[in-house]
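Listed below, chain by chain, are the residues.
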Amino acid sequence: QVQLVESGGGLVQAGGSLRLSCAASGRSFSWYAMGWFRQAPGKEREFVAGITWKGDSTHYVDSVKGRFTISRDNAKKTVYLQMNSLKPEDTAVYYCAADGLILRTGIELGENSYDYWGQGTRVTVSS
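First, a word on what this report is: a plain description of the structure on this page. (Residues numbered from 1 in each chain as written. Predicted model: local features only at pLDDT ≥ 70, side-chain atom pairs only at ≥ 80, totals over all residues. Heavy atoms only, no water.)

Moving on to the nonpolar core. Leu4, Met34, Trp36, Leu81, Met83 and Tyr94 are the most contacted members of the largest nonpolar core, which has 30 residues in total. In this view, Tyr94 contacts Glu6, Leu20, Trp36, Phe37, Arg38, Val48, Phe68, Leu81, Met83, Gly120, Thr121 and Val123; residues no more than four positions away in its chain are not counted. One finds Phe37, Phe47, Ile107 and Tyr114 within the second-largest nonpolar core, a separate group that totals five residues. (Core = buried A, V, L, I, M, F, W, Y, C linked by side-chain atoms within 4.5 Å. Buried < 20%, exposed > 50% of the residue type's maximum accessible area, 1.4 Å probe, protein only. Contact = heavy atoms within 4.5 Å.)

Looking now at the pattern of salt bridges. Within this structure, the stated rule accounts for seven salt bridges. The closest approach of N and O atoms between Asp90 and Arg38, which form a salt bridge, is 2.9 Å. Of this pair, Asp90 sits in the loop between strand 8 (78-83) and strand 9 (92-99) while Arg38 sits in strand 4 (residues 34-39), and the two are 52 residues apart along the sequence. (Salt bridge = Lys/Arg side-chain N within 4 Å of Asp/Glu carboxyl O. Helix = DSSP H or I, 4+ residues; strand = E, 2+ residues; numbered from the N terminus.)

The next subject is the pairing of strand 4. Counting buried residues in strand 4 gives five out of six residues, a clear majority hidden from the surface. In sequence, strand 4 turns back onto strand 5 (residues 46-51) through a hairpin of six residues, with Gly42 there showing a positive phi of about 75°. Strand direction decides the pairing type here: strand 4 and strand 9, joined by six bridges, are antiparallel. Bridged to Arg38 within strand 9 is Tyr94. (Pairing = 2+ DSSP bridges.)

Another point: the packing of aromatic side chains. Applying the stated rule across the entire model yields six aromatic pairs. For the ring pair Phe37 and Trp117, a centre distance of 4.9 Å and an interplane angle of 55° mean the geometry is tilted. Here the residue Phe37 occupies a position in strand 4, and Trp117 occupies one in strand 10 (residues 114-117), the gap between them amounting to 80 residues. Of the aromatic side chains, those joined through ring pairs into one cluster are Phe37, Phe47, Tyr95, Tyr114 and Trp117. (Phe/Tyr/Trp six-rings, centres within 6.5 Å; stacked < 30°, edge-to-face > 60°.)

Counting across every chain of the model gives one disulfide. For Cys22, the disulfide goes to Cys96, at an S-S distance of 1.9 Å. Around the S-S axis, the bridge from Cys22 to Cys96 shows a dihedral of about 50° and counts as right-handed. Taken together, the residues span a long stretch of sequence, with Cys22 in strand 3 (residues 18-25) and Cys96 in strand 9 at a distance of 74 residues. In this pair, the class of Cys22 matches that of Cys96, namely buried. (Disulfide = S-S within 2.5 Å.)

Turning next to a nonpolar patch on the surface. Where nonpolar side chains cluster on the molecular surface, the patch consists of Trp31, Ile102 and Leu103 and spans about 270 Å² of accessible area. Checked against the element boundaries, Leu103 lands in the loop between strand 9 and strand 10. For Leu103, a relative accessible area of 40% gives the class partly exposed. (Patch = residues over 30% accessible without salt bridge, like charges linked within 9 Å, V, L, I, M, F, W, Y side chains within 5 Å. Areas by Shrake-Rupley, 256 points an atom, 1.4 Å probe, with all protein chains shown as cover.)

All right, on to the pairing of strand 7 (residues 68-73) then. Because side chains alternate across strand 7, one face comprises the buried residues Phe68, Ile70 and Arg72, and the other comprises Thr69, Ser71 and Asp73, none of which is buried. Bridge count for strand 7 against strand 8 is six bridges, and the pairing is antiparallel. Considered in strand 8, the bridge of Ile70 is made with Leu81. Here strand 7 folds back onto strand 8, and the loop between the two strands holds four residues, one of which, Lys77, carries a positive phi near 55°.

Written as C-alpha cells, this is what we have:
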C-alpha cells in the first residue's frame, strides 16, 4: 500500500514556474513507477509525465515536453514535477499516482494501470 500527498500547486502567471511534490508513505515506494496526471475543467484526466521505479527513464505528453521535468528521490519517498514556462492551458488539478505493478520495467500511460492516487493539487496559470 502506498499513500500519496501532493503539494506545491498555486496561482502563477504565464511563463512562470512551479514545482509539485508528491510525498509517499509505505515501505515499497521505490518499487513503483510513478506518474503525474492532470484534469482540466470540463476535460478528462490525462497523463502528463511518468518515471520508472529506478528513475532511469521518463516519458512526457507532447504538450509539456521541454517544459516539465519529472524526478524522484527514493530516499525521501518523493516524486517531483518541475513545471517551467507555464501556459494558461496547463491549468488543472494535478495528481500523482503509483503504478499498480511493482518493478514494472516501463511507464504506463493509462490511468487504469495506476492503483494509488493522491488527492490532487490545483494549478492555475493566468494569462
